[in-house]
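# Close look at the chain arrangement
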Amino acid sequence: MPYPEKFQGVGISNAEDWKHPTLVTFDPKPFCDHDVDIEIEACGICGSDFHIAAGNWGPVPKNQVLGHEIIGRVVKVGPKCHTGIKLGDRVGVGAQALACLECERCKSDNEQYCTIDHVLTMWTPYKDGYIAQGGFASHVRLHEHFAIPIPENIPSPLAAPLLCGGITVFSPLLRNGCGPGKKVGIVGIGGIGHMGILLAKAMGAEVYAFSRGHSKKEDSMRLGADHYIATLEDKDWTEKYFTTLDLLVVCSSSLSEVNFDSVIKVMKIGGSIVSIAAPEHGEKLVLQPLGLMGVSISSSAIGSRKEIEQLLKLVSEKNVKIWVEELPISGAGVHQAFTRMEKGDVKYRFTLVDYDKEFHK
């Protein structure tokens, strides 16, 4: 196809009717020396796409294109690119499009926590005011550092959700020593939590799945969990598993869904609780006084390029298969995804496909 001056996407043209996105045309950001253009072939749909579209995290710019779990082929490379990226490479893009790459955080492989020049793949502004447009589109343009090669044996629909959901749970697992001999809990068996079970198991840990009821038990065991705890239905689970876990990763959609005063009881002294939940506006974590003694609690956000590379290597070598349903990229396809996500009708991730039929004709 001729190289486009403008990109196309499925965007939120009316914030009040956000579940009915439409085909939009938009200008890409100015092309910089370290940028690449990627022709997209698949993109996962993350919970944050839903929250942004619904206006839960703030106003939605007109014709905003969402999507930040992108797989595609490189079609343009900036003159100063130095990562070895080349035309035709299949690459993945997660939730981050830019960091300063010069501060102490960036130079220590913590660029996801950069505060100097941090731009998300969608919905956030560059310094010149351009609002980033995401992966529900024909193309995406961004800094080469955030375009990461995808191993050949990972199919694009399965690779896409790893770039945000997968790395978001993998980073705290990796940083807190998940591996053989460790007992690791995953709270919330949804889009990210189901990947948490798969990845913790692939890393060699003994895995404990936590959910409020028993409806996710069969799926959790199929995913590889060794134990299952229904926190609202099982009796005396805090006594049965007292001082058991080395690590607990909270993947729930809301912190209010988790009784931290109970889960602390199943932690070993010196253990860690890490939350990757994105709290609703005004939501607070409340703990009984001194209830946390001997246990650390923290939060974690996405992951670095280095960690994404490690994640992809693990998935490739261990042949990890996340659970994905494919939907066609179109206004109707995104509408179906948002409608079902609102109802919780997902097992356990959506990936948009058929980009060649919608855009690359």
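In every chain, residue numbers begin from 1 and rise along the written sequence. Only residues with pLDDT of 70 or above have their local features reported here, since the model is predicted, and side-chain atom pairs are shown and tallied only from 80 upward, although totals for entire chains, interfaces and linings are computed over all residues. Excluded from the side-chain calculations are hydrogens and water; all other atoms, namely the structure's heavy atoms, are used.

Within an unreviewed UniProt entry, the label attached to the protein reads alcohol dehydrogenase (NADP(+)), and the organism entered is Saccharomyces kudriavzevii. UniProt positions are given in the numbering used here, feature names are shortened, and annotations may be inferred rather than shown by experiment. Per its UniProt entry, the protein bears the Catalytic activity (unreviewed entry) comment "a primary alcohol + NADP(+) = an aldehyde + NADPH + H(+)". Within the UniProt record for the protein, the comment given under Cofactor (unreviewed entry) is "Zn(2+)".

### Describing the overall build of the protein
A count of helices and strands for the protein gives eleven helices and 18 strands. Summarising its shape, the C-alpha atoms of the protein cover approximately 65 × 40 × 40 Å along the three principal directions. The proportion of buried residues among the 361 residues of the protein is 56%. Accessible surface area values rest on a Shrake-Rupley calculation with a 1.4 Å probe, where residue burial reflects the displayed protein chains alone. As displayed, the protein offers around 15800 Å² of accessible surface, 51% of which is attributable to carbon and sulfur atoms. Think of it this way: Lys and Arg go in the positive column, Asp and Glu in the negative one, and His and the chain ends go nowhere. To locate a charge, the coordinates of NZ of Lys, CZ of Arg, CG of Asp or CD of Glu are taken. For the protein, the separation between the mean place of its 37 positive charges and that of its 43 negative charges on side chains is 3 Å. A run of H or I in DSSP counts as a helix once it spans at least four residues, and a run of E counts as a strand once it spans at least two, with each numbered from the N terminus. Only protein chains enter the area calculation, which uses a 1.4 Å probe; residues under 20% of their type maximum are buried, those over 50% are exposed, and those in between are partly exposed.

### Some thoughts on the sheet that holds strand S4 (residues 64-65)
Two strands qualify as a pair provided that DSSP identifies no fewer than 2 bridges between them. Spatially, three strands are ordered S2-S1-S4 in an open sheet, and the strand pairing comes out antiparallel. Across the chains shown, the open sheet's two edge strands, defined by having one partner strand only, are strand S2 (22-26) and S4. Pairing of strand S1 (residues 7-12) with S4, which is carried by two bridges, proceeds in the antiparallel orientation. Residue pairing for S4: Ile 12 is matched across the bridge by Gln 64.

### Details of the nonpolar core
The biggest cluster of nonpolar side chains holds 50 residues, and the ones touching the most others in it are Phe 136 and Phe 338. At five residues, strand S3 (residues 35-45) tops the list of elements feeding residues into this core. Within the second largest apolar cluster, 47 residues are counted, among which are Ile 197, Tyr 228, Cys 251 and Val 320. Each nonpolar core is a collection of buried residues, namely Ala, Val, Leu, Ile, Met, Phe, Trp, Tyr and Cys, held together in the definition by side-chain atoms within 4.5 Å.

### Thoughts on the domain arrangement of the protein
Looking at the protein, the domain boundaries give domain 1 (7-164 + 304-360) and domain 2 (165-299). The start and end points of each domain follow an automatic or database-based domain assignment. Summarising the inter-unit geometry, the C-alpha centres of domain 1 and domain 2 are found 27 Å apart. Here, two residues are considered to be in contact whenever any of their heavy atoms come within 4.5 Å of each other. Contacts between the two partners involve 25 residues from domain 1 and, on the opposite side, 24 residues from domain 2. Put simply, buried area is the surface a 1.4 Å probe can reach on two separate parts but cannot reach once they are joined, added for both. Roughly 2000 Å² is buried in total at the junction of domain 1 and domain 2, and carbon and sulfur atoms are behind 62% of that figure. Broken down residue by residue, the surface that domain 1 buries against domain 2 is led by Glu 307, Trp 323 and Tyr 348, which jointly contribute 33%. Residues adjacent in sequence count toward polar contacts only when both atoms are side-chain atoms; beyond that, a polar contact is any pair of N or O atoms within 3.5 Å, and within protein one must be able to donate a hydrogen and the other to accept it. Where domain 1 touches domain 2, the interface holds 14 residue pairs in polar contact (both at pLDDT 80 or more).

### What about the side chain of Ser 262?
Secondary-structure assignment places Ser 262 in helix H8 (residues 260-263). Ser 262 gets classed as buried once you look at its relative accessible area, which sits at 16%. For Ser 262, the contacting residues outside a window of four places in its chain are Trp 237 and Thr 238.

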